[in-house]
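Examining the three-dimensional arrangement
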Amino acid sequence: MKDRRKETLFTWFKRQWMGTPLFSTGVALVIMIILQTLTLGFDYDSFGAWLMSWLNNWINILRNNAGVGIVALGMTFVIISGGIDLAVGSTLVATGAVLMMLIDNGPKGILGLLGLSGPVAFIVAILLSVAFGSILGALIGLLVTKGKIPPFIASLGAMKIYRSVTQHFMQGYNPTVPKPFLAISSFRFGNYMIMPILYWLIIALILYYVSKKTTFGRQVIAVGSNERAAKLSGVNVEKVKLKVYVLMGMLVSISAIIQVSRIGSMDFANAGSGNEMDAIAAAVVGGTSMSGGKGLIIGTVFGMLIIAVMNNLLNLFGVPPFLREAFKGLIVVLAVLLQKKEKTS
C-alpha cells in the first residue's frame, strides 16, 4: 500500500510537471530560490540582519529585471499570436533617444525650446515616447500583416534599422536628463527604490486581465492556435496581429522610460542588447508555446524570475558574463523540448 501511494504521488507529480506549465515553472522557481538562499549563506549576527540582506538582494534583482520583465509580457502576446519580435532592444533604444531629446536640459531640448518644463514637459514626453514606440511596433505589424513578411524577418530587419538610424542621429549628441525626471524610477518607499517593480506588477495584472477577460485576449489565442479557423469564425486576423505588435511597442517604450529614469542616460550602441533573448526565454520558460496559441502572463512573470535568479546565482558563483548567456540558451532549448514532450504524450 505504501509503495502504491508513492507511485501514485510520483505519477501525479509527473503528470502535473508535463501537463501544467505553471506547475513546473513554479517548482523550478522554488528550487532556484532555495539554491540562491543557500548560496547567500547564513553567516550573520542575527536573523534580522540575514533577512534584511536577503530582502535587499531580492529587491535589487526585481528592480534590475523589471524593465525586461515588462518587455517579456508583451513578447508573450506576440508569441501566443504566432509571431516573434527581435527588434525590442532596438525599439527601446529608439524610444529612449526620442524621450531624452524631448526632455533634454540643454539648448537642444525640444520641449524646452517650446517653453515646456517640469512635470508638464515630463507628461508630454512620456506620452509622445509611448506613441512613438507604438508606431515602431505598428510598422513591424504592418510588415507582417500587409507585407506578408514572416515575423522573424520583419523584426530582424527592423532591429537593424531602428538601432542604426538612432545611432546615426544621436552621434555626438549627449542629452542631459533633468534630475526631477529620475524620481519616476528612483522615488523611495522608506529605504527602497521599488517603483520599477510596481510598474512591472501593475502592467502584469492589467495584461493578465486582458488575456483572460477580454475579447482581444481570446482572439490572440485563437489566431495563434489556428489562424484559418479564427478567420472563418469572423476574427479579423490582421487587425489582431497589428494590435499585438502595437502593444509590444508600447510596452517597450515604457521599459525605455523606466531605464532612462533609473540611469539618467542611455548607451545607444548597447542598450537593450539581449532583451529579445531574455524576453523570449522568460515567456518560453513560463509555458508560452513557440508554435503559438498557448501562454500565461503569470507564467511569464515566473519565467522572468527564474532567469533573474539564475543570473544572480551565476554572478554569485563567479561565472564569466559571456558564459551566462549560454545558460539562458540552454534553458530555452530545454523548455521547448519539454513543450514537444507535452504534445507527444
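Reference entry: report on the structure contained in this document. (Residues numbered from 1 in each chain as written. Predicted model: local features only at pLDDT ≥ 70, side-chain atom pairs only at ≥ 80, totals over all residues. Heavy atoms only, no water.)

Overview of unusual backbone geometry
- Even without a glycine there, the phi angle at K148 is positive, about 55 degrees.
- When its relative accessible area of 60% is taken as the criterion, K148 is described as exposed. (Buried < 20%, exposed > 50% of the residue type's maximum accessible area, 1.4 Å probe, protein only.)

Notes on the environment of K213
- Among the structural elements, K213 can be located in helix α9 (residues 195-213).
- Classification of K213 by relative accessible area gives exposed; the value is 58%.
- The sequence separation of K213 and K239 amounts to 26 residues, and the corresponding C-alpha distance is 19 Å. (Helix = DSSP H or I, 4+ residues; strand = E, 2+ residues; numbered from the N terminus.)

A short note on the packing of aromatic side chains
- Applying the stated criterion across every chain, the model contains 6 aromatic pairs.
- Aromatic side chains F122 and F181 sit 5.3 Å apart centroid to centroid with 75 degrees between the ring planes, which places their arrangement in the edge-to-face category. Taken as a pair, F122 in helix α6 (residues 118-145) and F181 in the loop between α7 (151-170) and α8 (183-186) lie far apart in primary sequence, 59 residues in all. Residue F122 shares its accessibility class with F181, and that shared class is buried.
- Relative to F189, the ring of F187 lies with its centre 5.4 Å away and its plane at 85 degrees, an arrangement referred to as edge-to-face.
- The exposure class assigned to F187 is partly exposed, which follows from its relative accessible area of 45%.
- Clustering of aromatic rings is evident, with ring pairs tying together F47, W50, W54 and W58. (Phe/Tyr/Trp six-rings, centres within 6.5 Å; stacked < 30°, edge-to-face > 60°.)

A few points about the environment of N315
- Here N315 shows up in helix α14 (residues 297-316).
- Sequence-wise, N315 and I126 are 189 residues apart; in three dimensions their C-alpha atoms are separated by 34 Å.

Remarks on the nonpolar core
- Core analysis: the largest hydrophobic core is formed by 93 residues, its most contacted members being L73, M75, F77, F181, W200 and L207.
- Per-element accounting of this core gives the leading share, 14 residues, to helix α3 (residues 47-80).
- In this structure F77 touches L207, V210, S211, F216, V220, V244, L247 and I297, once residues within four positions along its chain are discounted. (Core = buried A, V, L, I, M, F, W, Y, C linked by side-chain atoms within 4.5 Å. Contact = heavy atoms within 4.5 Å.)

Examining helix α12 (residues 237-263)
- Here α12 contains 27 residues, and its C-alpha end-to-end distance of 39 Å stays within 8% of the 39 Å for a straight helix at 1.5 Å per residue.
- Positioned one or two residues after α12, G264 has a phi angle of 85 degrees, which is positive. (Expected span 1.5 Å × (residues − 1).)

Here's the deal with the side chain of E276
- On the secondary structure map, E276 appears in helix α13 (residues 275-285).
- Excluding residues within four positions of it along the chain, E276 makes contact with M75, D85, L86, V88 and G89.

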